[in-house]
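Structure at a glance
So the chains spell out like this:
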Amino acid sequence: MKNLWNDKDAEPFTHSDLALRVYTSRLLGQNENLVLHGGGNTSVKTIVTDIFGDKEEILYVKGSGWDLKTIEEAGFSPTRLDVIRRLGQLSAMTDMEMTRELAASMIDPGAPSPSVETILHGLIPLKYVDHSHTDAVVAISNTLNGADLLKQIYADRVLILPYVMPGFKLAKQVYEATRNTDWRTLEGIILLHHGLFTFHGDAKTSYDNMINLVSEAEEYLKSVKALSTEGEYEAVDEDYLKLAKARKAASNLFGYAMLANWKRDQFSIGYSSLDKIEDIATRGPVTPDHTLQTKRIAAILSESPAAEVDSFGEKYQHYFDSNTDGNLVCLDTAPRFAVWKNKGCIVFAPNVKRSKVISDILDHTIIAVQCGEVLGGWQALPEKDIFEIEYWELEQAKLKLVPKRNEFDGKVVLVTGAASGIGKACVEAFSSKGAAVVALDINPEVEKLFDREDTRGIVCDITSDDSIRDAVHSVVASFGGVDVLVSNAGSFPASTRLEQMESEFLRETMQLNFNAHVGVMRACVPFLKLGFDPSIILMASKNVPAPGPGAGAYSAAKSALTQMGRVAAMELGEEGIRVNMVHPNAVFDTGIWTQEVLQKRAASYGLSVDEYKTNNLLGAEITSVDVAEMVVTMAGKSFAKTTGAQVPVDGGNDRVV
Ligand code: ZN
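Because the structure is predicted, anything quoted here is derived from the model rather than measured. (Residues numbered from 1 in each chain as written. Predicted model: local features only at pLDDT ≥ 70, side-chain atom pairs only at ≥ 80, totals over all residues. Heavy atoms only, no water.)

1. Re the overall build of the chain
In terms of regular secondary structure, the chain is built from 25 helices and 18 strands. Overall, the C-alpha framework of the chain stretches about 100 × 65 × 50 Å when taken along its three principal axes. Residues classed as buried in the chain amount to 54% of the 657 residues present. The contacts in the chain between residues at least 6 apart in sequence include a share of 71% that link residues at least 24 apart. Accessible surface for the chain amounts to roughly 28800 Å². Of this, 50% is attributable to carbon and sulfur atoms. Counting 65 positive and 88 negative side-chain charges, the chain places the centres of these two groups 2 Å from one another. (Helix = DSSP H or I, 4+ residues; strand = E, 2+ residues; numbered from the N terminus. Buried < 20%, exposed > 50% of the residue type's maximum accessible area, 1.4 Å probe, protein only. Contact = heavy atoms within 4.5 Å. Areas by Shrake-Rupley, 256 points an atom, 1.4 Å probe, with all protein chains shown as cover. Lys, Arg positive; Asp, Glu negative; His and termini not counted. Charge placed at Lys NZ, Arg CZ, Asp CG, Glu CD.)

Shown next, in the form of structure tokens:
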């Protein structure tokens, strides 16, 4: 493992103990093989002068909610070290009591809550303490002879302790085990199935010890030949429908829409193709804290993923029933990840952020499990220990807080013509409301346009059925289905009167403004049928109720589209799919309307540009964002009982009213 310490980078952090703590914490955080998504914690003991001028010994420990990778000084909770040490000497305390006492020990009530491992940090008598959930050490520990193997590697340089629950119990275990320890001879403490602690009076040495000890474990693993993890799979059409059905089943167990991300990289496929995958993927997690993100085990899917997800739910209920003391609240029974035999893995999550976290944990798990198998057999903690973490009183307490949910959390929205104008505004509006959004456009720029994890740009020519099919499959593989289709792509051709209208021009205009919409709808309907509060929103035009001279082909195409939408509303109503139409008018903040074009148009009506832009009953300028707001509203609960409707967004037009 590479040691990332660099004297030049460290220099700006040398002015205080806490600043240096920030620097080496970030070094740990940068390595995913040490800490993943908020895992691990660090601390420093230092002297602080309070408002009265008195000096006090303070333990700065990582606050909850902060990630080591990006932590700042404000991310450390300042606790009174004498209080922490006294807490460590109590013979018993519940974790709820501990949480309260830790909060009360802080010298700044506005600081984040101290880590549940604070007392342990306080009991280690050295200035800097680093704690990671290192993959390499934990992988070796999670095997039949894990403790012996680690003993062979580290001999007496490291204290190896059996697994106990993190929190007060763990602090007590370390306190008892190190009463007669000469800390100067000890390089670290391994907590089996959990992680590694290093410590030193000097920040760099504590960090160096972490890297060195982990490197030794990595060297050891290198000498062991890992199982093959590479595989390939060519998806067929039916797979995508099965995936969408599995997502539906998982969401039903979850109680809200979930995303389903099909991991088809060679490692996920290789893992899913292992002969004994069903056995090894259901033994348990790498470390128990992963359970809070991933649940204890994978769902195993094969020919009927939806039914197999349901069966996971039943087994989970059984796991709860056989471990609860009768006072616990059962969590949802939906899986967080599944192994789809020979086809890869699936991550189920309420939003893209969580999906990414689970996906990363899964990547690390795949490697750890296979190393463990080679080292004599992967062996996770027993079910009851995992349950204890999953149903920890501190975790159960969080259930009482009302979770903050965005209106479109877990939902998948597909927008066509999304690289500019109204389409782009729709993408941004949906993603700000929690949706996973896929932006389709023929312009390759669409791939780079949205710099957000929850938004994907895909190049698609919606006049080609093949291109549509590939794009829809890609959406389903990324997020598990389609809940909302915003069929927006279109063109506004140059003014052409009937007498000058060439057949080719008419064909092209109809193709993009009518046929292509039908093609996209047709490809999405099978998935919308499996969607959550599914709906289609068609971008029509004011020209439908109020056509204008020179826009015959465009008006006819949009009218055909509107009529198709009305028919679709009739056909799809029984599936619960709503189809509504928007009639925007005079939206000038799009690419085609340059200042020059606007001036010309305005002049032809004898108006100034401003008058032209606001030439409606309300005297309001209509923007892409205004139209996007209407589209989001139509997809939301305000329109839950409305289908086949046509709504203008035009500031009021006397020919439409
Ligand atoms: Zn830990």
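Still to come is the rest of the account.
2. Quick notes on the coordination of the zinc ion
Protein ligation of the zinc ion involves E117 (OE), H131 (NE2), H133 (NE2) and H194 (NE2), the donor distances falling in the range 2.1 to 2.7 Å. Each of the four donor atoms bound to the zinc ion contributes to angles spanning 81 to 158 degrees, and the resulting shape is irregular. As a motif over one chain, the donors of the zinc ion read E-x13-H-x1-H-x60-H. Separated by 14 residues along the polypeptide, E117 in the loop between α4 (95–104) and α5 (118–123) and H131 in strand β4 (residues 128–132) bring together distant segments of the chain. Relative accessible area serves as the criterion here: at 7%, E117 is assigned to the buried category. Judged by its relative accessible area of 0%, H131 is buried. (Donors = N, O, S within 2.8 Å, 3.2 Å for Na, K, Ca; no water. Tetrahedral: all angles 85-135°; square planar, octahedral: opposite > 155°, others 65-115°.)

3. Looking at the sheet that holds strand β9 (residues 299–301)
The strand order across the open sheet formed by four strands is β8-β11-β10-β9, and the pairing between neighbours is mixed. The outermost strands of the open sheet, each flanked by one partner alone, are β8 (259–263) and β9. Ignoring which end each strand starts from, the neighbouring axes of this sheet average 25 degrees apart. Bridge count for β9 against strand β10 (residues 337–340) is three bridges, and the pairing is parallel. Looking at the pairing, I300 lines up with V339 of β10. Contacts from helix α14 (residues 305–323) reach β9, β10 and β11 (344–349) within the one sheet, and its direction differs from that of β9 by about 160 degrees. (Pairing = 2+ DSSP bridges. Axes fitted to C-alpha atoms, helices over the stretch in contact; angles between N-to-C directions.)

4. Regarding the domain arrangement of the chain
Many descriptions give the size of an interface as the accessible area lost when the pieces come together. Partitioning the chain into structural domains gives domain 1 (7–223), domain 2 (237–394) and domain 3 (412–587 + 622–645). Relative to domain 3, the C-alpha centre of domain 1 lies at a distance of 53 Å. (Domains from an automatic or database assignment.)

5. Let's talk about the nonpolar core
Residues I346, F348, L414, I536 and V579 are the most contacted members of the largest nonpolar core, which totals 71 residues. When residues in this core are grouped by element, the largest group, eight residues, is from helix α21 (residues 503–528). Of the residues that make up this core, three or more belong to each of domain 2 (237–394) and domain 3 (412–587 + 622–645). The contact partners of I346, leaving out residues within four places of it in the chain, are L243, A260, N261, W262, L301, R336, F337, A338 and W340. Residues A136, I140, I153 and A217 belong to the second largest nonpolar core, which totals 43 residues. (Core = buried A, V, L, I, M, F, W, Y, C linked by side-chain atoms within 4.5 Å.)

6. What about the packing of helix α20 (residues 465–479) against α21?
Orientation of α20 relative to α21, taken along the N-to-C sense of each, is 35 degrees, at an axis distance of 10 Å. Crossing angle aside, the handedness with which α20 passes α21 is right-handed. Of the residues in α21, those touching α20 at D465, I468, V472 and V476 are A516, G519, V520, R522, A523, C524 and F527. Its residues placed into classes, the contact of α20 with α21 shows eight nonpolar, one polar and two charged. (Left-handed = near helix turned anticlockwise from the far one by under 90°. Nonpolar A, V, L, I, M, F, W, Y, C, P; charged D, E, K, R; others polar.)

7. Thoughts on the side chain of H194
Within the secondary structure layout, H194 lies in the loop between β6 (188–191) and β7 (195–200). Of note is the side chain of H194, whose polar atom sits 3.2 Å from the side chain of H131. Those residues in contact with H194 that sit more than four places away from it in its chain are E117, H131, S132, H133, V138, Y163, P166, L170 and T287. (Polar contact = N/O pair within 3.5 Å; in protein donor to acceptor, adjacent residues only side chain to side chain.)

8. What about the packing of aromatic side chains?
In total, this model carries 16 aromatic pairs according to the counting rule given. Note on W183 and F199: the rings are 5.0 Å apart at their centroids and 80 degrees apart in plane angle, and the pair reads as edge-to-face. Placement of the pair is W183 in the loop between α8 (168–177) and β6 and F199 in strand β7, with a sequence separation of 16 residues. W183 gets classed as buried once you look at its relative accessible area, which sits at 14%. Joined through ring pairs, the aromatic side chains of F312, Y316, Y319, F320, F387 and Y391 make up one cluster. For the cation-ring pair, R264 lies above W262, with the distance from its terminal atom to the ring centre recorded as 4.6 Å. A cation over an aromatic ring shows up here: K295 above the ring of Y316, its NZ or CZ 4.5 Å from the ring centre. (Phe/Tyr/Trp six-rings, centres within 6.5 Å; stacked < 30°, edge-to-face > 60°. Lys NZ or Arg CZ within 6 Å of the ring centre and 35° of its normal.)

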